[in-house]
Amino acid sequence: MSEETTTTITPHLCCRNATEALGFYEKAFGAETACAFRMPNGKLMHAGLNVNGAQFFLTDECPEHGALSPEALGGSPVTIHLHVPDSDAVFQRAVDAGCQVRMPLQDMFWGDRYGLVADPYGHLWSIATSIRKVSTVELQEAVAAMAGA
């Protein structure tokens, strides 16, 4: 018996005050909440959110179970990449909602208009739109030039 499956990777974000974060992601990225389950103490156990069909999960920080937010860890080495049709509009919406600019939007050598923001919960979000097709050769030359080779 063979069962067809689809492989996906879904970011699962841990936030201090995830209920507040849920509203923030709705405002900043237009996220829609698909589901939200709370523990008896009111903390968010699990929420599923969608941004234009891209899914991510959200949970409250729960140190007693090892669920620590970037705030508890002093930052996060992970960046969530959000590829959208209009990076300028999404980037501005995120900044207006309270994200801090870490790298302003700019046209990049790899063919994207790209920028980086940090949300108030310590998560990093890169926001990009493809603006031109770049060949592998052109990309390699640009990387070599950037590295001073």
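Structure first, text after, so check above.
First things first, this report covers the structure right here in the doc.

## Digging into the overall build of the chain
Okay, step 1: The secondary structure content of the chain amounts to 4 helices and 8 strands.
Okay, step 2: Taken from the N to the C terminus, the helices and strands of the chain come in the order β-α-β-β-β-α-β-α-β-β-β-α.
Okay, step 3: Every one of the 149 residues in the chain was classed for burial, and the buried ones make up 36%.
Okay, step 4: The long-range share in the chain, meaning contacts at least 24 apart out of those at least 6 apart in sequence, stands at 52%.
Okay, step 5: Counting every atom, the chain has about 9,000 Å² of accessible surface; 54% of that belongs to carbon and sulfur.
Okay, step 6: One finds the centroid of the 9 positive side-chain charges in the chain at a distance of 5 Å from the centroid of its 17 negative side-chain charges.

## Remarks on unusual backbone geometry
Okay, step 1: Residues other than glycine seldom take positive phi values, yet asparagine 17 does so here, at roughly 65°.
Okay, step 2: Take asparagine 17: it is sitting in the loop between strand 1 (12-15) and helix 1 (18-29).
Okay, step 3: Notably, asparagine 52 is not glycine yet its phi reads approximately 50°, a positive angle.
Okay, step 4: Inspection of the secondary structure assignment puts asparagine 52 in the loop between strand 3 (44-51) and strand 4 (54-60).
Okay, step 5: Of the residues examined, asparagine 52 reaches a relative accessible area of 73% and is grouped as exposed.

## Remarks on the pattern of salt bridges
Should the charged atoms of two oppositely charged side chains come close, the side chains can pair.
Okay, step 1: Overall, the coordinates contain 4 salt bridges when judged by the stated rule.
Okay, step 2: With its nearest N and O atoms 2.9 Å apart, the salt bridge here joins aspartate 88 to arginine 113. Taken together, the positions of aspartate 88 in helix 3 (residues 87-97) and arginine 113 in strand 7 (residues 112-118) put the pair 25 residues apart, joining distant regions of the chain.
Okay, step 3: Judged by its relative accessible area of 36%, aspartate 88 is partly exposed.
Okay, step 4: For arginine 113, a relative accessible area of 21% translates into the label partly exposed.
Okay, step 5: Linking aspartate 107 and arginine 113 is a salt bridge whose minimum nitrogen-to-oxygen distance equals 3.0 Å.
Okay, step 6: Taken together, the shared-partner salt bridges in this structure form one network comprising Asp88, Asp107 and Arg113.

## Quick word on the environment of aspartate 60
Okay, step 1: Counting through the fold element by element, aspartate 60 comes out in strand 4.
Okay, step 2: With 23 residues separating them along the chain, aspartate 60 and phenylalanine 37 place their C-alpha atoms 11 Å apart.
Okay, step 3: What aspartate 60 contacts, discounting residues up to four positions off in sequence, is Cys14, Cys15, Arg16, Asn17, Ala18, Thr19, Lys43, Leu44 and Ala67.
Okay, step 4: A polar contact is formed between the side chain of aspartate 60 and the backbone nitrogen of asparagine 17, at a distance of 3.3 Å.

## So, the side chain of histidine 46
Okay, step 1: If you trace the backbone, histidine 46 turns up in strand 3.
Okay, step 2: The class for histidine 46 is buried, based on a relative accessible area of 19%.
Okay, step 3: Residues contacting histidine 46, with those up to four places away along its chain left out, are His12, Cys35, Ala36, Phe37, Phe57 and Leu58.

## Observations concerning the packing of aromatic side chains
Okay, step 1: Counted by the stated rule, this structure contains 10 aromatic pairs.
Okay, step 2: Seen from their ring centres, phenylalanine 56 and tryptophan 125 are 5.6 Å apart, and the 75° between their planes marks the pair as edge-to-face. Here phenylalanine 56 is found in strand 4, whereas its partner tryptophan 125 is found in strand 8 (residues 124-130), with 69 residues between them in sequence.
Okay, step 3: For phenylalanine 56, a relative accessible area of 5% translates into the label buried.
Okay, step 4: Here phenylalanine 109 and tryptophan 110 contribute two aromatic rings whose centre-to-centre distance is 5.1 Å and whose plane-to-plane angle is 80°, an arrangement assigned as edge-to-face.
Okay, step 5: Residue classification places tryptophan 110 among the partly exposed residues on the basis of a relative accessible area of 31%.
Okay, step 6: Taken together, the ring pairs connect Phe24, Tyr25, Phe29, Phe56, Tyr121 and Trp125 into an aromatic cluster.

Procedures and definitions
Residues numbered from 1 in each chain as written. Predicted model: local features only at pLDDT ≥ 70, side-chain atom pairs only at ≥ 80, totals over all residues. Heavy atoms only, no water. Helix = DSSP H or I, 4+ residues; strand = E, 2+ residues; numbered from the N terminus. Buried < 20%, exposed > 50% of the residue type's maximum accessible area, 1.4 Å probe, protein only. Contact = heavy atoms within 4.5 Å. Areas by Shrake-Rupley, 256 points an atom, 1.4 Å probe, with all protein chains shown as cover. Lys, Arg positive; Asp, Glu negative; His and termini not counted. Charge placed at Lys NZ, Arg CZ, Asp CG, Glu CD. Salt bridge = Lys/Arg side-chain N within 4 Å of Asp/Glu carboxyl O. Polar contact = N/O pair within 3.5 Å; in protein donor to acceptor, adjacent residues only side chain to side chain. Phe/Tyr/Trp six-rings, centres within 6.5 Å; stacked < 30°, edge-to-face > 60°.

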